[in-house]
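Per-entry structural report
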Number of protein chains: 2
Amino acid sequence: MRSGPRGGDAIDAAVSERDAVGFVAVSGGSDPTSRYLTGREFDCDLAFVRVDGETHLRVPSTVEPPSLPVASVRVDDRPPGKAAAAVLAEHDAAQGTVLAPRTIPHDAALHLESAGYDLASTPAVEAARAVKDDAERDAIEAAQRAATRGVGRAAAILSAATVEDADNDEQSALYWDGAPLSTERLRRQVNTTLAAEGVDAAGATTIRAGTRGDGGEPVELRTGEPIVVSVGPRGPAGYRGALARTFVVDPDGGWERRAHVACDAARKVSLVEADPGDDAGFLGSELRAETAAFGFSMADEVTRDVGGGIGLAAREDPPLDGDRELVAGNVLRVRAAVTHPDHGRVELTDVLVVGDGGPRLLGDAPTGLDPSRW
Amino acid sequence: MRSGPRGGDAIDAAVSERDAVGFVAVSGGSDPTSRYLTGREFDCDLAFVRVDGETHLRVPSTVEPPSLPVASVRVDDRPPGKAAAAVLAEHDAAQGTVLAPRTIPHDAALHLESAGYDLASTPAVEAARAVKDDAERDAIEAAQRAATRGVGRAAAILSAATVEDADNDEQSALYWDGAPLSTERLRRQVNTTLAAEGVDAAGATTIRAGTRGDGGEPVELRTGEPIVVSVGPRGPAGYRGALARTFVVDPDGGWERRAHVACDAARKVSLVEADPGDDAGFLGSELRAETAAFGFSMADEVTRDVGGGIGLAAREDPPLDGDRELVAGNVLRVRAAVTHPDHGRVELTDVLVVGDGGPRLLGDAPTGLDPSRW
């Protein structure tokens, strides 16, 4: 279930092209770049050095150096930038240009510069991460399967929920398993299902009830309001899924239905139009335009957060709002959503793989508003 | 359940003391500093600016700006360093020294410098984070209660496990609920319990079986070997717990018992010696020395990873290997562990609060090797 180190070839190509002596990345805790480059999570300072086609890692003495399929993993208690410079110097790369991600910590950049290196930024790692290999795609698909089970659990509970006091109120409180059903109870049930499937909720499970519950405070669920169940689980190798569905128990209004039709139509656009060579930003614009075509305001109601690449991070390259070209192997989180101050939110989020034979949806979650039809 | 923004006073004091015009932090995704400063998780580029005693946030247009109790949250699609410089310029702070964490992304530092600012690093945020207020301590304590339930679930399962084929093998496979009990099955049960308690496993749950299972590949559990159950859950406001216990089903050797006595004795040292004014590194040395006193090698067997501050990150200030002075409000993860190539590992990890009345242990997890005594 663990993935190995990646990105070595892409870094070596960038180093060679830029006539650099090596590449350095520095992390001060768990982050997607270091996980990608090493294949595991480091919860500590880490210096990653690629030089002469080999990978060297330096960690502080307070962690036990893991055994990894790289040239060296050694303890060095100096700041990571100094430890990295020492590795380069050991490899007859005592001066010259060193490549690094543009977001390398400033102190590490200064340490490398004061050791005599010229620093230049490279997008090589982000670019490599944007194109998934088979194992990465499988890891995302596994997370997406678990996500489908998690949202399915919410659908099953909403489907089994009862109305305790169906009086004259326009909206009635939902009960489940003998107690009022709150956003927090539903969230815990979803997360329990995710855990049983072997994935981590990653703090990304949200339950939004109508116009309420945005601030994270638990509220009780009611009939007639759109309930958005959104998950973004992380699998054992660190790869994320993303799935959101909207349910209504005893719908009584037309807004949710119209919003749902719009989101479903927009979602289908992405399943037709995401081909290699297409413009990523154009796909995003199309998603928004298709949603708006059902009578929703681009400025106020249609979400701007239509998605982008997903992998070790919930948001990575390519974003769906730039001029990047889609390539086979991109894995995209695609979101259609409409929000209204009086009605709440309707959202459908999925993950798809861009491939030469057309886009492929990961997972098989139903899209309907009725939780009993899941 | 959510915590509000923190650190404003500490930043304002540092800005004033250094005669700076403001403070900038930049995050490219979820990280503990931005969570501390804003009180919520940002899964996107974020520019945090503190100027004139007010907080301003800038986010890209692809996210919906959240409503937060700060002076402004606005969209700015420029790189975060440029967006931050624009906020400073708007506040009549068009030149001068700007403070930032030493690990501010290098590109953001360069953008601030090319906008005319002198950048200086400040440890103000790390220092503020190291001293927890009551709400932070309560959040860690709640995560620790959930952690206790999670490890307790493992103890209950190990206690109920049976030996299917008690033949001549020295160690027999454990069965539970009709199937072999693997590290992965036990991990999922622990994580299911954590989720039901409302916390996130945070990818930190590990089950180590004797000398096996270090690489993350599932192995089947056996009698006679030390089984280390370690969790580090994250609560809804982002604060972490940390708990590890070691169990043996049908112990047959003396090593685990001796190692356990050593770890338990070392653990008790931390419960007596962690007082305000004490040296954090000395506490770490004492923990290691006390463990070694039972006949274990400091160089090879006693862990160097004895812990340090815990909060929004699993590792934060103060580390237990430096010369930092403990102060009331520090919350420490304290670990005693022994590892042997033939026997495996024994570990006890707890969380305690440093206070004027002496250290206080968070949680009430039993320490024994026998899971049926939990």
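Residues numbered from 1 in each chain as written. Chains lettered and ligands numbered in written order. Predicted model: local features only at pLDDT ≥ 70, side-chain atom pairs only at ≥ 80, totals over all residues. Heavy atoms only, no water.

Bringing the overall build of chain A into the picture now. Looking only at helices and strands, chain A has nine helices and 17 strands in total. Over its C-alpha atoms, taken along the principal directions, chain A stretches across nearly 80 × 45 × 30 Å. Residues counted as buried form 57% of the 374 residues belonging to chain A. The contacts of chain A with a sequence gap of at least 6 include a subset with a gap of at least 24, amounting to 61%. Split by element, the accessible area of chain A, about 14,800 Å² in all, is 45% carbon and sulfur. Averaging the locations of the 39 positively and 61 negatively charged side chains of chain A gives two centres separated by 3 Å. (Helix = DSSP H or I, 4+ residues; strand = E, 2+ residues; numbered from the N terminus. Buried < 20%, exposed > 50% of the residue type's maximum accessible area, 1.4 Å probe, protein only. Contact = heavy atoms within 4.5 Å. Areas by Shrake-Rupley, 256 points an atom, 1.4 Å probe, with all protein chains shown as cover. Lys, Arg positive; Asp, Glu negative; His and termini not counted. Charge placed at Lys NZ, Arg CZ, Asp CG, Glu CD.)

Across the contact, 41 residues belong to chain A and 41 residues belong to chain B. Contact with chain B buries area across many residues of chain A, yet Thr62, Glu64 and His106 of chain A alone supply 17% of it, more than any other trio. In this structure, Asp107 of chain B engages Arg102 of chain A in a salt bridge whose closest nitrogen and oxygen atoms are separated by 2.5 Å. Here chain A is connected to chain B by 21 residue pairs in polar contact (both at pLDDT 80 or more). It is helix 7 (residues 183-196) of chain A that contributes the most residues to the side of chain A that touches chain B, seven residues altogether. In terms of residue class, the side of chain A that touches chain B is made up of 13 nonpolar, 11 polar and 17 charged. (Buried area = accessible area lost by both parts, 1.4 Å probe. Salt bridge = Lys/Arg side-chain N within 4 Å of Asp/Glu carboxyl O. Polar contact = N/O pair within 3.5 Å; in protein donor to acceptor, adjacent residues only side chain to side chain. Nonpolar A, V, L, I, M, F, W, Y, C, P; charged D, E, K, R; others polar.)

With 14 residues, helix 7 of chain A ought to run about 20 Å at 1.5 Å a step, and its terminal C-alpha atoms sit 20 Å apart, in line with that. In terms of burial, helix 7 of chain A is largely enclosed, as 10 of its 14 residues are buried. Of all the positions in helix 7 of chain A, only Thr183, Glu184, Leu186, Arg187, Val190, Asn191, Thr192, Thr193, Leu194 and Ala195 of chain A are classed as buried. Packing partners of the buried residues in helix 7 of chain A comprise helix 6 (134-160), strand 10 (206-209) and strand 11 (227-231) of chain A together with helix 7 (183-196) of chain B. (Expected span 1.5 Å × (residues − 1).)

Before going further, it helps to spend a moment on the environment of Arg149 of chain A. All names here are of chain A. For Arg149, the location among the structural elements is in helix 6. Sequence separation between Arg149 and Ala202 is 53 residues; the distance between their C-alpha atoms is 16 Å. If we ignore the near neighbours within four places in the chain, the residues touching Arg149 are Thr193 and Glu197. Only 3.1 Å separates the side chain of Arg149 from the side chain of Glu197, close enough to count as a polar contact.

All names here are of chain A. Between helix 3 (residues 80-90) and helix 4 (residues 106-114), the least distance of the axes is 8 Å, while the angle of their chain directions is 35 degrees. Here the hand of the crossing between helix 3 and helix 4 comes out right-handed. Touching Gly81, Lys82, Ala84, Ala85 and Leu88 of helix 3 are Ala108, His111 and Leu112, all from helix 4. Of the residues assigned to the contact of helix 3 with helix 4, the class counts are five nonpolar, two polar and one charged. (Axes fitted to C-alpha atoms, helices over the stretch in contact; angles between N-to-C directions. Left-handed = near helix turned anticlockwise from the far one by under 90°.)

Next up on the list: unusual backbone geometry. Among all residues save glycine, negative phi is the norm, and among peptide bonds the norm is trans. Residue Pro318 of chain A is reached from Asp317 of chain A by a cis peptide bond, and omega for that bond is -5 degrees. Checked against the element boundaries, Pro318 of chain A lands in strand 14 (residues 316-319). In the Ramachandran plot, Asp52 of chain B falls in the positive-phi region, its phi being about 55 degrees despite a non-glycine side chain. Relative to the assigned elements, Asp52 of chain B resides in the loop between strand 2 (46-51) and strand 3 (54-59). Unlike most non-glycine residues, Asp250 of chain B shows phi in positive territory, near 50 degrees. Its place among the elements puts Asp250 of chain B in the loop between strand 12 (243-247) and helix 8 (255-273).

Once that is clear, we can look at the sheet that holds strand 8 (residues 174-176) of chain B. All names here are of chain B. The sheet built from three strands is open, its strands ordered 7-8-9 with antiparallel pairing. The sheet is open, and its two borders are formed by strand 7 (162-163) and strand 9 (179-180), each paired with just one other strand. Pairing of strand 8 with strand 9, which is carried by two bridges, proceeds in the antiparallel orientation. Counterpart to Tyr175 in the pairing with strand 9 is Pro180. (Pairing = 2+ DSSP bridges.)

Below, the discussion takes up the pattern of salt bridges. Residue and element names in this part refer to chain B. Scanning all chains against the criterion turns up 52 salt bridges over all chains. Arg35 is paired through a salt bridge with Glu41; the nearest N and O atoms lie 2.5 Å apart. For Arg35, a relative accessible area of 11% puts it in the buried group. The exposure class assigned to Glu41 is partly exposed, which follows from its relative accessible area of 35%.

Residue and element names in this part refer to chain A. You can see Arg58 is positioned in strand 3 (residues 54-59). The buried charged residue Arg58 lacks any salt bridge partner; its closest oppositely charged side chain belongs to Glu90, at an N-O distance of 4.2 Å. Within polar-contact distance, the side chain of Arg58 engages the side chain of Ser72 at 2.9 Å. Not counting residues within four places of it along the chain, the set of residues in contact with Arg58 comprises Asp45, Leu46, Ala47, Ser72, Val73, Arg74, Asp76, Ala83, Val87 and Glu90.

A few words now on the packing of helix 8 of chain B against helix 9 (residues 280-292) of chain B. Residue and element names in this part refer to chain B. One way to put it is that helix 8 packs onto helix 9 with a least axis distance of 8 Å and a crossing angle of 155 degrees. By the angle class used here, helix 8 and helix 9 are roughly antiparallel. The handedness of the crossing between helix 8 and helix 9 is right-handed. Contacts between helix 8 and helix 9 involve Ala262, Ala265, Ala266, Arg267, Val269, Ser270 and Glu273 from the former and Phe282, Leu283, Glu286, Leu287, Glu290 and Thr291 from the latter. Taken together, the residues of the contact of helix 8 with helix 9 break down into seven nonpolar, two polar and four charged. (Parallel < 35°, antiparallel > 145°, perpendicular 65-115°, else oblique.)

All names here are of chain A. The tally for this structure, following the rule as stated, stands at six aromatic pairs over all chains. Aromatic pair Phe247 and Trp374: ring centres 6.0 Å apart, planes at 65 degrees, arrangement edge-to-face. On the criterion of sequence distance, the pair formed by Phe247 in strand 12 (residues 243-247) and Trp374 in the segment after strand 17 (360-362) is long-range, its members being 127 residues apart. Trp374 gets classed as partly exposed once you look at its relative accessible area, which sits at 32%. (Phe/Tyr/Trp six-rings, centres within 6.5 Å; stacked < 30°, edge-to-face > 60°.)

Here the focus is the domain arrangement of chain A. All names here are of chain A. Looking at chain A, the domain boundaries give domain 1 (8-129) and domain 2 (134-373). Taken together, the five residues of domain 1 in the interface contact nine residues of domain 2. Taken over both partners, the interface formed by domain 1 and domain 2 buries close to 580 Å², and the fraction arising from carbon and sulfur atoms is 47%. Interface area lost by domain 1 to domain 2 is led by Arg35, Tyr36 and Arg129, which between them contribute 72%. On the surface where domain 1 and domain 2 come into contact, there are one salt bridge. Its salt-bridge partner being Arg129, residue Glu316 comes within 2.8 Å of it at the nearest N-O pair. Viewed at the interface, domain 2 and domain 1 are joined by three residue pairs in polar contact (both at pLDDT 80 or more). Looking at the side of domain 1 that touches domain 2, the elements that each hand over two or more residues are helix 2 (32-38) and helix 5 (124-130). Residue composition of the side of domain 1 that touches domain 2, by class: two nonpolar, no polar and three charged. (Domains from an automatic or database assignment.)

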